[in-house]
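Spelled out from the first residue to the last, the chains are:
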Amino acid sequence: MECIEVTYRGRRHRVHHHERIPLSAMLTFGDNPTNIYGVAPASAAPLRYGDSLASVEHGGACNASRISLVPHCHGTHTECAGHIMPGEHNVAELVFEPFIAATLIRVPLQRAGEMSETYNASARGTDLVITRAAIDDALSQVAPHYLQALVIAAKAPSWRLADEIPPYFSHQAMARIVELGVHHLLVDVPSIDRLHDDGRMDNHRCFWGMGLPTAEARARLRCSVTEMAQVSPATPAGSYFLSLHLPDCSGDALPSKPILFPFSRGNDAA
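Residues numbered from 1 in each chain as written. Predicted model: local features only at pLDDT ≥ 70, side-chain atom pairs only at ≥ 80, totals over all residues. Heavy atoms only, no water.

Caption draft 1: Spatial organisation of helix α1 (residues 132–139). Within the sequence span of α1, burial applies to A134, I135, A138 and L139. Seen along its axis, α1 keeps its buried residues to an arc of 130°; they face one direction. (Buried < 20%, exposed > 50% of the residue type's maximum accessible area, 1.4 Å probe, protein only. Helix = DSSP H or I, 4+ residues; strand = E, 2+ residues; numbered from the N terminus. Arc of directions from axis to C-beta.)

Take a look at the structure:
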């Protein structure tokens, strides 16, 4: 494949598909320390059928594994509105364009007790929060027209994935993201809400339009959130095209493989 051209907002863009930037890490079942909410790590074991074990190493004819994982807790995953709705809603049924106009920004974290923005009563003053002010400042430094998807990475984070309360978003930050018309939000934190927020999940509800007029809310149901993205410090902020890959399985959330592609702008399309 020599080149890929995408027309977006009336301009041709040449996608540098050989310079892909993965935003996920392989989920290794044999060594996966990620266990958000304290759930057991993801695991895999050879399938047993009758007296046989599907493991070549242990004398079986082939390898076949039974795996156990919770997409919300084990690595990079993409979720749909079904995460907070009754009934069955499958993220794999969302329609993702092959190349989605995306912006990557890096934002500083602020202590909840020092910010002028708000969260619900579960917040503690020492919590680290991503604010609307930080998002607006970061967006002012990049091109404004590539916001079908927004990738937000915490700048120089002073937190670890193992922390009991990782960073989350203020209410104003999430409202701003919706106001900007972002359809696909990707973050490098475990959740856009505080992990232990008494089940309120305010930011998830805001992102998927709960409380908006019916037509607007229906449109938000086509949107997605990707959490625990892996954003290399070497990846510069700016505009990209995003390709988002998921397995074809049922579920409100699935492990995912987001990939960013740099591009160069061409002439206006005819």
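Caption draft 2: Representation of the environment of Q230. In this structure, Q230 sits in the loop between β15 (224–227) and β16 (238–245). Taking relative accessible area as the criterion, Q230 reaches 39% and is therefore assigned partly exposed. Sequence separation of Q230 and D188 is 42 residues, and the distance between their C-alpha atoms is 5.9 Å. Of note is the side chain of Q230, whose polar atom sits 3.2 Å from the backbone oxygen of M228. (Polar contact = N/O pair within 3.5 Å; in protein donor to acceptor, adjacent residues only side chain to side chain.)

Caption draft 3: Inspection of the packing of aromatic side chains at higher detail. Considering all chains together, one arrives at eight aromatic pairs under this definition. The interplanar angle of 35° and the centroid separation of 5.3 Å between the aromatic rings of Y146 and F263 together place this pair among those described as tilted. In this pair, Y146 is assigned in the loop between α1 and β12 (149–154) and F263 in strand β19 (residues 263–268), connecting sequence segments 117 residues apart. Judged by its relative accessible area of 6%, Y146 falls in the buried class. Through a chain of ring-to-ring contacts, three or more aromatic side chains come together here, namely Y8, Y146, F241 and F263. (Phe/Tyr/Trp six-rings, centres within 6.5 Å; stacked < 30°, edge-to-face > 60°.)

Caption draft 4: Quick look at helix α2 (residues 171–179). Along α2, the residues classified as buried are A173, M174, R176, I177 and V178. At the exit of α2 stands G181, carrying a positive phi of roughly 80°.

Caption draft 5: Looking closely at unusual backbone geometry. The phi angle at D198 is positive, at roughly 65°, despite the residue not being glycine. Tracing the backbone through its elements, the reader meets D198 in the loop between β14 (184–187) and α3 (202–207). Positive phi outside glycine occurs at M228, with the angle close to 60°. Tracing the chain through its elements places M228 in the loop between β15 and β16.

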